[in-house]
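Chain residues, written in single-letter form:
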Amino acid sequence: MYFVAENLRENFDTVKIDLSFSCEKGTMTSIVGPSGSGKSTVLRLISGLNKACPEQKIVLDDQDISKLPPAKRGIGMVFQSHTLFDHLKIEDNVAYGLVSNGVKKRDAREKARDFLKYFGLEGFEKRYPATLSGGEAQRVALARTLIMNPKLVLFDEPLSALDAPLRKKLAALIRDLQKTLGFTGIMVTHDIREAKNISDKIIMMKKGRILWQGNPEAFDEGMLE
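Okay, so let's go over this structure. Owing to the predicted nature of the structure, the values given are computational and were not obtained by experimental measurement.

A few words now on the overall build of the protein chain. Looking only at helices and strands, one finds six helices and 10 strands in the protein chain. Principal-axis analysis of the C-alpha atoms places the extent of the protein chain at approximately 45 × 40 × 30 Å. Within the protein chain, the proportion of its 225 residues that are buried is 50%. For the protein chain, the exposed surface amounts to about 11,300 Å²; the carbon and sulfur share of it is 48%. Looking at the protein chain, you have 34 positive and 29 negative side-chain charges, and the mean spots of the two groups are 4 Å apart.

So, in structure tokens, the structure goes:
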């Protein structure tokens, strides 16, 4: 199995998280469930943003990354807020990770310009984040993450702030990119229809535990009640 998470645990006053799951390479998994069930915390544990318990084990592409700092895990994250750098042009926002990893700025910008075409953002290179719509900004955030070719991409409700038509359009774009680029993804979402359309596997969480997991076609929405 390409990705395995064992003994993901976190204790809060409202919920105790305790679960394990796995994902195959090149697939998209959606985590759904009621608010407060611990979905986003699971992503933070995987990424290393939250401190892990001693028993936790995370294996990605045959490497145990449990003890590695977030920047060394080979994981990309896309959040609800696009978190773009307002003072940088779009091409430099997208190229930022490459430059930070030692790629020459000219080469990084060239790759960023080419990569922006995947997202329908050709011609946006010299613009600034303040001039973008919410959907455009989120596409730039996606480009900035995926250009780094992460082994695993975590999506923490990246579309929840968008209106329904745009949300549907960007969900389809993420799914198309996932198939084209072949990355492995885990997405947290409240939208069950979105989860069914974008995923190869759905994990249903409730009160910090996995209530059900399996094929999207077999998911019964009545479990959410």
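Turning next to the packing of aromatic side chains. Scanning the entire structure with this criterion turns up six aromatic pairs. Taking 4.7 Å as the distance between ring centres and 45° as the angle between the ring planes, the aromatic pair formed by F85 and Y96 counts as tilted. Within this pair, whereas F85 is found in the loop between β6 (75-78) and α2 (90-100), its partner Y96 is found in helix α2, the two being separated by 11 residues in sequence. Here Y96 falls in the partly exposed class, since its relative accessible area comes to 42%. When the ring of F155 is compared with that of F183, the centres are 6.1 Å apart and the planes differ by 40°; the resulting orientation is tilted. Residue F155 is located in strand β7 (residues 152-156), and its partner F183 is located in the loop between α5 (164-181) and β8 (184-188); the two are separated by 28 residues in the primary sequence. The same class applies to F155 as to F183, namely buried. Taken together through their ring pairs, the aromatic side chains of F115, Y118 and F119 make up a single cluster. Residue placement shows R144 over the ring face of F85; its charged tip is 5.4 Å from the ring centre.

Now for the pattern of salt bridges. For the structure shown, the criterion picks out 11 salt bridges. Across the pair R9 and E55 runs a salt bridge whose closest N-O atoms are separated by 3.9 Å. Here the residue R9 occupies a position in strand β1 (residues 3-11), and E55 occupies one in the loop between α1 (39-47) and β4 (57-60), the gap between them amounting to 46 residues. Overall, E55 belongs to the partly exposed group, its relative accessible area being 43%. Among the ionic pairs, D200 bridges to R175, the shortest N-O distance being 2.9 Å. Taken as a pair, D200 in the loop between α6 (192-198) and β9 (201-206) and R175 in helix α5 lie far apart in primary sequence, 25 residues in all. A single network of salt bridges, built from pairs that share partners, joins E91, D92, R109, R113 and K126.

Within the secondary structure, T145 sits in helix α4 (residues 134-146). Once the C-alpha coordinates of T145 and V78 are considered, the two residues, 67 residues apart in sequence, prove to be 7.0 Å apart. For T145, the residues in contact, after removing those within four places along its chain, are G76, M77, V78, P150 and V153. Of note is the side chain of T145, whose polar atom sits 3.3 Å from the backbone oxygen of M77.

The next subject is the sheet that holds β6. Strands sit in the order β6-β7-β8-β3-β9-β10 across an open sheet of six strands; the sheet is mixed. A strand with exactly one partner marks an edge of an open sheet, and here the two such strands are β6 and β10 (209-214). Ignoring which end each strand starts from, the neighbouring axes of this sheet average 20° apart. Where β7 and β8 come together, five bridges link them in parallel fashion. Note on β8: the bridge partner recorded for F155 is M187. In the packing of α1 onto the sheet, the strands contacted are β3 (28-32), β6, β7, β8 and β9, and the crossing angle to β7 comes to about 150°.

Let's shift gears to the side chain of R144. By the element assignment, R144 lies in helix α4. Of the side chains bearing the opposite charge, D86 lies closest to the buried R144, which forms no salt bridge; the N-O distance is 8.8 Å. Among the polar contacts listed, one links the side chain of R144 to the backbone oxygen of T83, at a separation of 3.0 Å.

Thresholds, definitions, all that
Residues numbered from 1 in each chain as written. Predicted model: local features only at pLDDT ≥ 70, side-chain atom pairs only at ≥ 80, totals over all residues. Heavy atoms only, no water. Helix = DSSP H or I, 4+ residues; strand = E, 2+ residues; numbered from the N terminus. Buried < 20%, exposed > 50% of the residue type's maximum accessible area, 1.4 Å probe, protein only. Areas by Shrake-Rupley, 256 points an atom, 1.4 Å probe, with all protein chains shown as cover. Lys, Arg positive; Asp, Glu negative; His and termini not counted. Charge placed at Lys NZ, Arg CZ, Asp CG, Glu CD. Phe/Tyr/Trp six-rings, centres within 6.5 Å; stacked < 30°, edge-to-face > 60°. Lys NZ or Arg CZ within 6 Å of the ring centre and 35° of its normal. Salt bridge = Lys/Arg side-chain N within 4 Å of Asp/Glu carboxyl O. Contact = heavy atoms within 4.5 Å. Polar contact = N/O pair within 3.5 Å; in protein donor to acceptor, adjacent residues only side chain to side chain. Pairing = 2+ DSSP bridges. Axes fitted to C-alpha atoms, helices over the stretch in contact; angles between N-to-C directions.

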